[in-house]
Amino acid sequence: MSASENKAQNEARPRPRSYAPVVGVSMRDLLAAGAAADVICTPPRLPDPETTGPSAGHGHRDAA
């Protein structure tokens, strides 16, 4: 193998990194995004029958 072939082979091969790349999302952000998605995707609770309707109300109140 000649020197130029050896040099070309070394340039084509990626060198290992001596540091961890700082790319991505933190676990805290991932968990927060999952919690927000759960809140958004969960339908609202149905109202309790005891607290709604004419029999459960306190009657009509006039504005002051």
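Quick caveat, the model's predicted, so the values are computed rather than measured.

> Would you take a moment to explain the overall build of the chain for this structure?
What the chain contains, in helices and strands, is two helices and zero strands. Looking at the chain residue by residue over its 64 residues, the buried ones come to 0%. Carbon together with sulfur atoms contributes 59% to the accessible area of the chain, which is approximately 6,700 Å² in total.

> I would appreciate a short explanation of a nonpolar patch on the surface in the present structure.
Taken together, the side chains of Val25, Met27, Leu30 and Leu31 make up a nonpolar region of the molecular surface, amounting to roughly 430 Å² of accessible area. Assignment of secondary structure puts Leu30 in helix α2 (residues 27–41). Since its relative accessible area comes to 48%, Leu30 is described here as partly exposed.

Calculation notes
- Residues numbered from 1 in each chain as written.
- Predicted model: local features only at pLDDT ≥ 70, side-chain atom pairs only at ≥ 80, totals over all residues.
- Heavy atoms only, no water.
- Helix = DSSP H or I, 4+ residues; strand = E, 2+ residues; numbered from the N terminus.
- Buried < 20%, exposed > 50% of the residue type's maximum accessible area, 1.4 Å probe, protein only.
- Areas by Shrake-Rupley, 256 points an atom, 1.4 Å probe, with all protein chains shown as cover.
- Patch = residues over 30% accessible without salt bridge, like charges linked within 9 Å, V, L, I, M, F, W, Y side chains within 5 Å.
- Salt bridge = Lys/Arg side-chain N within 4 Å of Asp/Glu carboxyl O.

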